[in-house]
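Chain and residue survey
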Amino acid sequence: MNHRTTAALQPVTLDDVRGAQKMLSGIARVTGMEGSRYLSRLVGAPVHLKCENLQRTGSFKLRGAYIRIAGLLPEERAAGVVAASAGNHAQGVALAASLLGVRATVFMPKGAPLPKISATREYGAEVILHGQVVDETMAAATAYAEETGAVFIHPFDHPDVIIGQGTVGLEILEQCPEVRTIVVGMGGGGLAAGVAVAVKSLRPDVRIVGVQAEGAAAYPPSLAAGHPVAVPRPVTMADGIKVGKPGQVPFALVSDLVDEVRTVGEDQLSAALLHCLERAKLVVEPAGASPVAALLADPGAFRGPVVAVLSGGNVDPVLLQGVLRHGMSVQGRYFAVRVRLNDRPGSLATLLSVLSEMDVNVLDVSHRRTAPHLGPAEAEVEVHLETKGPEHCAEVNRALRAAGYTTAD
């Protein structure tokens with residue numbers, strides 16, 4: 001791999017990506033491809049999941065980080081590298097630097113999940129917690145680079161990073177040569193750009209579809225404007241694609257090579273993550289589930305065979321718990337209902353017996369006895385239930401009303 005300067009708008013070529021694939025042999029795993037019967041039935045054509053969530057460090061980021069650091073000059077390696085990230089890029093840089101014998105410093109937001117902080121340290125990097133959001137962390141890391149001479153390793157806005165990520169595209173063509181559509185999550189655009197370079201160079205007929213979270217969708221307005229445009233306050237649970245502005249280098253490639261950019265909402269991300277866990281038995285972070293969210297939202301829009309890239313699996317257990325609960329709620333499998341009762345002994349037991357006959361699982365019960373709409377001898381009970389789906393929720397509501405209860409949900 002030839003050294004590239006930061007005048008970094010040199011073209012990224014198929015030969016570059018092939019060279020990166022050789023360099024990554026024995027470093028990055030050739031991740032597996034899993035078929036999905038449910039998604040295949042939904043789309044009406046074979047759907048395969050490219051499992052980068054099972055990559056070393058839990059995401060594709062190792063690929064680009066390793067190629068970028070491996071391409072540094074000896075004097076640059078001696079100065080060390082610095083990065084800013086809330087998780088995946090941090091771990092990719094930490095491991096890549098360790099494998100190459102380069103000192104790494106990683107700035108992470110103070111609110112970064114503890115498992116990601118611990119993993120980054122365990123991969124050999126010095127971790128500095130700074131700022132509440134990634135933009136503040138990024139500013140601190142670039143200032144550190146200027147002060148110390150360490151090389152800043154950008155998460156997506158450099159050709160070498162894009163070249164490394166492009167090896168995912170080569171693997172897809174090798175594992176599924178009949179592919180007609182590749183769906184990939186997009187934040188800054190490095191993965192989508194790399195995959196598009198590799199795939200379109202060999203198979204220009206393959207459709208590349210990028211997916212962004214609705215609350216952090218900087219690419220649609222950027223593509224409309226013809227240049228990168230910032231989203232002022234990106235908001236999404238999918239921190240792996242929570243990027244406020246596309247990078248210059250990936251933007252140019254995405255503009256030329258990516259056929260379509262779609263957006264998905266938080267409910268769709270939750271449902272997709274739950275689908276990956278329940279149906280595919282794969283732990284995937286919200287960003288990694290974004291291609292599945294797009295398939296679930298509009299299955300008829302994708303020509304098969306389809307490959308959906310599960311870009312990462314580094315989900316904080318606390319977030320996972322909340323997202324799964326939300327995903328089940330979206331699917332109608334969590335149901336909260338408020339019931340007005342007479343406030344006397346045995347009333348709650350009677351209510352619970354009605355619910356028991358409906359074969360629901362009671363998760364939580366809370367009482368309220370003081371409210372303007374309640375009489376002096378009344379109480380309101382909010383019951384959280386686990387149900388079998390929307391139809392079951394409707395049955396529960398009907399049964400409660402038939403038993404004489406006034407309900408609100």
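Conventions adopted
- Sequence positions are assigned chain by chain, starting from 1 and proceeding in written order.
- Given that the model is predicted, a residue must reach a pLDDT of at least 70 before its local features are reported, and side-chain atom pairs must reach 80 or more before they are shown or counted; all residues, however, enter totals for whole chains, interfaces and linings.
- Excluded from the side-chain calculation are hydrogens and water; included are all heavy atoms of the structure.
- In short, DSSP must find at least two bridges between two strands for them to pair.
- Only runs of H or I of at least four residues qualify as helices and only runs of E of at least two qualify as strands under DSSP, and these elements are numbered from the N terminus.
- Residues count as neighbours in contact if any of their non-hydrogen atoms are within 4.5 Å of one another.
- Only the contacting stretch of a helix is used when fitting its axis, a line to C-alpha atoms as for every element, and angles between N-to-C directions run 0 to 180 degrees.
- Here the term buried applies to any residue with accessible area under 20% of the maximum for its type, exposed to any over 50%, and partly exposed to those in between, with areas from a 1.4 Å probe on protein chains only.
- Handedness rule for crossovers: strands pointing away from the viewer, path from the first strand over the helix to the second running clockwise, crossover right-handed.
- By this rule, a helix spans an expected 1.5 Å times one less than how many residues it contains.
- An angle below 35 degrees is treated as roughly parallel, one above 145 as roughly antiparallel, one from 65 to 115 as roughly perpendicular, and anything else as oblique.
- It is the rotation of the near helix from the far one that decides the hand of a crossing: anticlockwise by less than a right angle makes it left-handed, clockwise makes it right-handed.
- Gly falls in the polar group here, along with every residue not listed as nonpolar (Ala, Val, Leu, Ile, Met, Phe, Trp, Tyr, Cys, Pro) or charged (Asp, Glu, Lys, Arg).
- What makes a patch is a set of residues exposed beyond 30% relative accessible area and free of salt bridges, joined within 9 Å when like-charged and within 5 Å when nonpolar (Val, Leu, Ile, Met, Phe, Trp, Tyr).
- Using a 1.4 Å probe, the Shrake-Rupley method yields the accessible areas, and only the shown protein chains count as cover for residues.
- What makes a salt bridge here is a side-chain nitrogen of Lys or Arg within 4 Å of a carboxyl oxygen of Asp or Glu, nothing more.
- Here the nonpolar core consists of buried residues drawn from Ala, Val, Leu, Ile, Met, Phe, Trp, Tyr and Cys, with membership extended through side-chain atoms lying within 4.5 Å.
- Note: pLDDT gives the predictor's confidence per residue, expressed from 0 to 100.

**Concerning the sheet that holds strand 5 (residues 126-129)**
- Ordered by their spatial adjacency, four strands build an open sheet running 5-4-3-6, and the pairing between neighbours is parallel. Edge strands, defined here as strands with exactly one partner in the open sheet, are strand 5 and strand 6 (151-152).
- Contacts between helix 7 (residues 134-148) and the sheet are confined to strand 3 (81-84), strand 4 (104-108) and strand 6, with strand 3 contributing the most and set at about 165° to the helix.

**Some words on the environment of Pro220**
- Tracing the sequence through the fold places Pro220 in helix 10 (residues 219-225).
- Once the C-alpha coordinates of Pro220 and Val261 are considered, the two residues, 41 residues apart in sequence, prove to be 6.8 Å apart.
- Leave out the neighbours within four places in its chain, and Pro220 touches Gln212, Val261 and Thr263.

**Digging into the pairing of strand 7 (residues 181-185)**
- Burial analysis of strand 7 places five of its five residues in the buried class, the great majority of the element.
- Here strand 7 shows a buried face lined by Thr181, Val183 and Gly185 and a second buried face lined by Ile182 and Val184.
- Across five bridges, strand 7 lies against strand 8 (residues 207-213) in parallel orientation. Looking at strand 8, one finds that Val183 is bridged to Val209.
- Crossover connection from strand 7 via helix 9 (residues 190-202) to parallel strand 8: handedness right-handed.

**Considerations on the pairing of strand 8**
- Counting buried residues along strand 8, six of its seven residues qualify, which places the element largely inside the surrounding structure.
- Pairing of strand 8 with strand 9 (residues 260-264) involves five bridges; the strand directions are parallel. Across the sheet, Gly210 pairs through a bridge with Val261, a residue of strand 9.

**Let's talk about unusual backbone geometry**
- For the bond from Gly304 to Pro305, the omega torsion is 0°, close enough to zero to count as cis.
- Along the polypeptide, Pro305 turns up in the loop between helix 13 (286-297) and strand 10 (306-310).
- The backbone of Thr57 shows a phi angle near 70°, a positive value even though the residue is not glycine.
- Tracing the backbone through its elements, the reader meets Thr57 in the loop between strand 2 (47-51) and helix 3 (61-70).
- With a phi close to 60°, Lys281 is a non-glycine residue in the positive phi region.

**A look at the side chain of His392**
- With respect to the element layout, His392 can be found in helix 16 (residues 390-402).
- Look at His392 and you get buried, because its relative accessible area is 9%.
- Once residues within four sequence positions are removed from consideration, His392 is found in contact with Met358, Asp359, Val360 and Thr387.

**Comments concerning helix 8 (residues 159-175)**
- With 17 residues, helix 8 should cover 24 Å at 1.5 Å per step; its first-to-last C-alpha distance of 25 Å lies within 8% of that length.
- In terms of burial, helix 8 is a largely internal element, 15 of the 17 residues being buried.

**Comments concerning the packing of helix 5 (residues 88-100) against helix 6 (residues 114-122)**
- It is at 8 Å that the axes of helix 5 and helix 6 come closest, and there the two elements cross at 15°. With respect to helix 6, the axis of helix 5 lies roughly parallel. Regarding helix 5 and helix 6, the two cross each other, and that crossing is left-handed. Contact residues: helix 5 offers Ala90, Gln91 and Ala94, while helix 6 offers Lys116, Ala119 and Thr120.
- Grouping the amino acids of the contact of helix 5 with helix 6 by side-chain chemistry returns three nonpolar, two polar and one charged.

**Comments concerning the environment of Val151**
- As for its placement among the helices and strands, Val151 is situated in strand 6.
- The sequence separation of Val151 and Ile69 amounts to 82 residues, and the corresponding C-alpha distance is 8.9 Å.
- If we ignore the near neighbours within four places in the chain, the residues touching Val151 are Arg68, Leu72, Glu76, Gly80, Val81 and Val82.

**With respect to a nonpolar patch on the surface**
- Judged by side-chain polarity, Leu352, Val362 and Val365 come together as a nonpolar surface patch covering roughly 170 Å² of accessible area.
- In this fold, Val365 is placed in strand 12 (residues 361-368).

**With respect to the nonpolar core**
- One finds Tyr66, Ile69, Val81, Val179 and Ile182 to be the most contacted residues of the largest nonpolar core, which totals 63 residues.
- Here this core takes eight residues from helix 9, the largest share from any one element.
- Setting aside residues no more than four positions away along its own chain, Val179 makes contact with Ile172, Leu173, Arg203, Val206, Pro305 and Val307.
- Among the nonpolar cores identified, the runner-up in size contains 35 residues, and Ala45, Leu274, Leu282 and Ala293 belong to it.

**Re the confidence of the model for the protein**
- Across the protein, pLDDT averages 89, with 93% of residues at or above 70.
- Under a pLDDT of 50 for its full length, residues 1-8 has, in the predicted model, 23 contacts with residues more than four places off or in other chains.

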